[in-house]
Amino acid sequence: MTVSDTLVPFAAAVERYEPVIGLETHVELGTRTKMFCGCTTTFGAEPNTQVCPVCLGLPGSLPVVNRTAIEYTIRIGLALNCTIAEWCRFARKNYFYPDMPKNFQISQYDEPLCTDGWLDVDVDGRTLRVGIERVHLEEDTGKSLHVGGATGRIHGAAYSLVDYNRAGIPLVEIVTKPIPGTGADAPVAARRYVTELRDLLRSLHVSDVRMEEGSLRCDVNTSLAPRGAAQWGTRTETKNVNSLRSVERAVEFEIERQAAVLDAGGRVKQETRHFHEDTGTTTAGRSKEEAQDYRYFPEPDLVPVAPPRDWVEQIRAALPEPPAARRARLRAEWDLSEADMAALANAGALDLVAETVAAGASPADARKWWRGELARRANAAGAELSALAISPAQVARVSELVAAGTLNDKLARQVIDAVLDGAGDPDEVVATRGLAVVSDESALTTAVDEAIAANPEVAAKVRDGKVAAAGVLLGAVMKATRGQADAARVRELIMERLGS
Ligand SMILES: [Zn+2]
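All of the points below concern the structure found in this document. (Residues numbered from 1 in each chain as written. Predicted model: local features only at pLDDT ≥ 70, side-chain atom pairs only at ≥ 80, totals over all residues. Heavy atoms only, no water.)

Details of the packing of aromatic side chains
- In the structure shown here, the tally under the stated rule is 5 aromatic pairs.
- When the ring of Phe 36 is compared with that of Phe 90, the centres are 5.6 Å apart and the planes differ by 85 degrees; the resulting orientation is edge-to-face. You can see Phe 36 sitting in the loop between strand 1 (17–28) and helix 2 (67–79) and its partner Phe 90 sitting in the loop between strand 2 (83–84) and strand 3 (91–94), a full 54 residues away along the chain.
- Clustering of aromatic rings is evident, with ring pairs tying together Tyr 95, Tyr 97, Tyr 109, Tyr 294 and Tyr 296.
- Sitting over the face of the ring of Trp 311, Arg 67 holds its NZ or CZ atom 4.5 Å from the ring centroid. (Phe/Tyr/Trp six-rings, centres within 6.5 Å; stacked < 30°, edge-to-face > 60°. Helix = DSSP H or I, 4+ residues; strand = E, 2+ residues; numbered from the N terminus. Lys NZ or Arg CZ within 6 Å of the ring centre and 35° of its normal.)

Have a look at this one:
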């Protein structure tokens, strides 16, 4: 630890200092092709198989704007209550970077497509209106892979490889205005903003917004000033924070670190910092470039973008219900508490439950399956709920079969296993594997009589009023019917037979 890594405990830091946060979020758009060429954008393809002269920046190639990317960006801008520019241009941002083949990035500078909006965020029951400075469009860089080092970073690596598949994928940058006044809630507010933004983007169908695959990436700005000071402090920019939890931790750490710097009479340096997932700490990166370092100028190879007003209005008219409004509506319809609804959303189960209810299940049953059994399966497989090989309609059918008494919970779990294994729809599984509940009274009665005959001492105890002993007989019947009997009915039959 160096002196600058001394920390002030969080509570003490926010008691004396006022944090101001800001977030810059990069979103890879889910367009089929890249921003300025026709290359495909599939994630995880063999390195350097999705490239062409344009995205490799070869001499003589010329970019053409992807219309769908413009439409998606306008959709995002409108959903964030922004003004859509009537005319704007792309700019060249010049800097050298090995995974950027052209040595400049086509971005937007002083003429962004969308400006001056807001997003309401719920922070512990209080609405925080986060101002949106701008939403602009640019192209992503490629990816470097450093081989031979212990950490996967360039230091200590034997050599580096570069993959240009990602170079040129449309990237939207969403920049907030500075967010003052959150005090001790600053870390939570940052996390809640990114969560709400992610849900909004998902509802707009413009990106798959997977933080773990890098299609949603966050830079977190934090500054600290003594309470009551006339000016805000100097901000640091923590780069590429790759999970919601890390967003919260990065702000928390920067507050604790900057408070220590200020306590010691030092000055916070304006710089980029790297967040380390394993320790929850940040370390200094490069000192922050100023805009002039990038030598911006209007991109000469592209015409200006001037979206017609009627097109913008068409896009506005087709916007989906905002996630916050939808959550409020569903919460009322399903009669859930705020906490239950938040848990559902955080587990990524909200849409699945909604679709299961739409397919005929009761909200309570739909929640029970997705939050219980299926969440366990997804956890065990290390997968997202939505990646499970079972559809909401199939879950609704299982739930229907349980309600009708065809399946008990145990059998329902077996049916779900079989569906997950690809054995077909629930009805097929029930038919081919004979998994339905045995409801044939005479078969059940026979099984009960056999269990009593095989366990005379237990039967005698039950006759003497020791009702708990009936569990042994129930177990024997369930075993004989391979778990396919209706347990409640079996218990009734045992009691009838033993006159207890
Ligand atoms: Zn290309």
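Some remarks on the sheet that holds strand 1
- Reading across from one edge, 2-5-6-9-1-10-11-12-13 is the order of the 9 strands in this open sheet, with mixed pairing throughout. Here the strands that pair on one side only, and so sit at the sheet edges, are strand 2 and strand 13 (281–287).
- Where strand 2 lies against strand 5 (residues 114–123), 2 bridges are found, and the strand directions are antiparallel. Paired with Ile 84 across the two strands is Cys 114, which belongs to strand 5.
- Most of the contacts of helix 3 (residues 186–203) go to strand 5, to which it runs at about 115 degrees, and overall it touches strand 1, strand 5, strand 6 (126–139), strand 9 (170–176) and strand 10 (216–226).
- Sheet contacts for helix 4 (residues 244–263): strand 1, strand 10, strand 11 (236–241), strand 12 (271–276) and strand 13; angle to strand 10, the most-contacted strand, approximately 30 degrees. (Pairing = 2+ DSSP bridges. Contact = heavy atoms within 4.5 Å. Axes fitted to C-alpha atoms, helices over the stretch in contact; angles between N-to-C directions.)

Details of the coordination of the zinc ion
- Protein ligation of the zinc ion involves Cys 37 (SG), Cys 39 (SG), Cys 52 (SG) and Cys 55 (SG), the donor distances falling in the range 2.3 to 2.4 Å.
- Each of the 4 donor atoms around the zinc ion contributes to a set of angles spanning 100 to 117 degrees, which defines the coordination as tetrahedral.
- The sequence pattern describing where the donors of the zinc ion fall on their chain is C-x1-C-x12-C-x2-C. Separated by 18 residues along the polypeptide, Cys 37 in the loop between strand 1 and helix 2 and Cys 55 in the loop between strand 1 and helix 2 bring together distant segments of the chain.
- Among the residues examined, Cys 55 registers a relative accessible area of 6% and is labelled buried. (Donors = N, O, S within 2.8 Å, 3.2 Å for Na, K, Ca; no water. Tetrahedral: all angles 85-135°; square planar, octahedral: opposite > 155°, others 65-115°. Buried < 20%, exposed > 50% of the residue type's maximum accessible area, 1.4 Å probe, protein only.)

Observations concerning the side chain of Gln 108
- Among the secondary structure elements, Gln 108 is positioned in the loop between strand 4 (104–107) and strand 5.
- For Gln 108, the side chain forms a polar contact with the main-chain oxygen of Glu 111, separated by 3.2 Å.
- The residues contacting Gln 108, other than those within four sequence positions of it, are Cys 88, Arg 89, Phe 90, Ala 91, Leu 113, Arg 134, His 136 and Leu 137. (Polar contact = N/O pair within 3.5 Å; in protein donor to acceptor, adjacent residues only side chain to side chain.)

Some remarks on the side chain of Asn 165
- Relative to the helices and strands, Asn 165 is located in the loop between strand 8 (159–163) and strand 9.
- Ignoring anything within four residues of it in the chain, the contact list for Asn 165 reads Lys 34, Ala 45, Glu 46, Pro 47, Asn 48, Thr 49, Gln 50 and Val 51.

Points about the pattern of salt bridges
- Tallying each qualifying case throughout the model produces 39 salt bridges.
- Glu 28 serves as the salt-bridge partner of Arg 217, at 3.9 Å between the closest nitrogen and oxygen. In this pair, Arg 217 is assigned in strand 10 and Glu 28 in strand 1, connecting sequence segments 189 residues apart. Judged on exposure class, the residue Arg 217 and its partner Glu 28 are both buried.
- Here Lys 102 ties to Glu 139 by a salt bridge, and the two come within 2.8 Å at their closest N and O atoms. Separated by 37 residues along the polypeptide, Lys 102 in the loop between strand 3 and strand 4 and Glu 139 in strand 6 bring together distant segments of the chain.
- On the basis of relative accessible area, Glu 139 is assigned to the buried category, the value being 7%.
- What emerges from the salt-bridge pattern is a single network uniting Arg 192, Glu 196, Arg 198, Asp 199 and Arg 327. (Salt bridge = Lys/Arg side-chain N within 4 Å of Asp/Glu carboxyl O.)

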